[in-house]
Amino acid sequence: MGSSIVGRLDMIAEVEGPAKGIYHVQFKTLYGTASIPGYMKEVAVSMHERGYSWLGRAQKKPIPIKGTILVVFQKTVTGPVNRKTGVRSVKEDWAPFTVERLSITPRAREQFVDDASAILDWIENCRENGFPRFTKNCVQYGRACIAYDWCRMGAFFKDEWETRAPDYADKVNGVNVSRLLTFQVCPKLYEVLYELNLSKKSDKKLSADFGTAVHNGVEAWYGPKGGKKFKDGGWKPGFDDRLALETFERSIPEGHDEECKETETTGYGKLLLQRYFDRYRIPHKKMFSKILGTEVTLVANLNEE
Ligand code: SF4
């Protein structure tokens, strides 16, 4: 592994208005009970967002990403169940979205380079001397890692793992921010996931499948109408509801609805998306003058900047 940093950005768009500029647009599905202000606070200082802003500028043809527009889809059902029909109603004031803009300062980008370089050095060091277990990070702020007891018994790294499918970071032999953060929390887990390339066997993928399907639907909604693009490859968003809902439905794996939670069914997802489209069609028509790309993978070397 070199010191390549890789990031996959949900969408890069040109924004009009007072905050004019180029932004990373990130879509996120969260549980209804998740604290949005807490999540926002976490993201405001997140290494991910600093990293994406740095990655954009580190390209051969720099993309001056000013910050992130964070779009949260909150999976929540607020209405009571109708006793006769058994169907849960949705309150009219249901507003399960949050759209926030975060700016990244030059200092925050520099900080990203310092932090990422230091973590990559530690990883290199662990390759030579071993990846430690039970470091001081196992108990942070008085709270033990959720796998602490299991891990102490020695069960955590035995039997329960299978070979992990390569992801976009493996394809370019780089390290993404999630991996750097995993290493910071648990070097041993990093070794298991990204050096031995294993993943947990028992992991349920239902929530991830739902999130991916919502993501695909939203991506189709911001896609170009009739595939029409500008010379530079950018496009005006098409806002095609039907295409987006069909894309979402196609992305839900067979049998998913029988096993998933109420807030992760195909019907719920379509309702959530339709509400999002109705809410943001007009503001986003004004806001996004051009989409520069969706699912954009950016790679850059820390030493070359
Ligand atoms: S899984 Fe990692 S963080 Fe958790 S107790 Fe074990 S070594 Fe520590």
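From a predicted model like this one, the values you see are computed outputs, not experimental measurements. (Residues numbered from 1 in each chain as written. Predicted model: local features only at pLDDT ≥ 70, side-chain atom pairs only at ≥ 80, totals over all residues.)

### Section: the overall build of the chain
Consideration 1: Helices and strands together make up the secondary structure of the chain, namely 11 helices and 9 strands.
Consideration 2: The buried share among the 305 residues of the chain stands at 28%.
Consideration 3: Look at the contacts in the chain between residues 6 or more apart in sequence, and 77% of them connect residues 24 or more apart. (Helix = DSSP H or I, 4+ residues; strand = E, 2+ residues; numbered from the N terminus. Buried ≥ 20, exposed ≤ 12 C-beta atoms within 10 Å, placed from the backbone. Contact = placed C-beta atoms within 7 Å.)

### Some remarks on the site of the ligand
Consideration 1: Around the ligand, 12 residues are found, and the nearest of them are Arg133, Cys138, Cys145, Cys151 and Cys186.
Consideration 2: Elements that contribute at least two residues to the shell around the ligand include exactly helix H4 (148-152) and helix H7 (187-195). (Near = placed C-beta within 6 Å.)

### Examining the environment of Ser46
Consideration 1: Its location among the elements puts Ser46 in the loop between helix H1 (36-44) and helix H2 (47-57).
Consideration 2: Given 20 C-beta atoms within 10 Å, Ser46 falls into the buried group.
Consideration 3: Each C-alpha atom of the pair Ser46 and Val177 lies 9.7 Å from the other, and the pair is 131 residues apart in sequence.

### With respect to the nonpolar core
Consideration 1: Core analysis: the largest hydrophobic core is formed by 52 residues, its most contacted members being Met11, Ala13 and Val214.
Consideration 2: Ranked by residues supplied to this core, first place goes to strand S1 (residues 4-15) with 7 residues.
Consideration 3: Apart from residues no more than four positions distant in its own chain, Val214 is found in contact with Thr29, Phe73, Phe248, Gly269 and Leu273. (Core = buried A, V, L, I, M, F, W, Y, C linked by C-beta atoms within 7 Å.)

### A word on H7
Count 3.6 residues to each turn of an α-helix, and residues three or four apart come out pointing the same way.
Consideration 1: When we look at burial in H7, the residues that qualify are Pro187, Tyr190, Glu191, Val192 and Tyr194.
Consideration 2: In the core, the buried residues of H7 are packed alongside helix H3 (106-129), strand S7 (161-163), helix H6 (177-185) and strand S8 (198-200).
Consideration 3: Downstream of H7 by a residue or two, Asn197 has a phi angle that is positive, lying close to 55°.

### Looking at helix H9 (residues 241-251)
Consideration 1: Of the positions making up H9, those classed as buried are Ala244, Thr247, Phe248 and Ser251. On an axial view of H9, the arc spanned by its buried residues comes to 100°, and they lie on one face. Of the residues in H9, the exposed ones pointing more than 90 degrees away from the buried face are Arg242 and Arg250.
Consideration 2: Those residues of H9 that are buried lie in contact with helix H8 (206-221) and helix H11 (266-287). (Arc of directions from axis to C-beta.)

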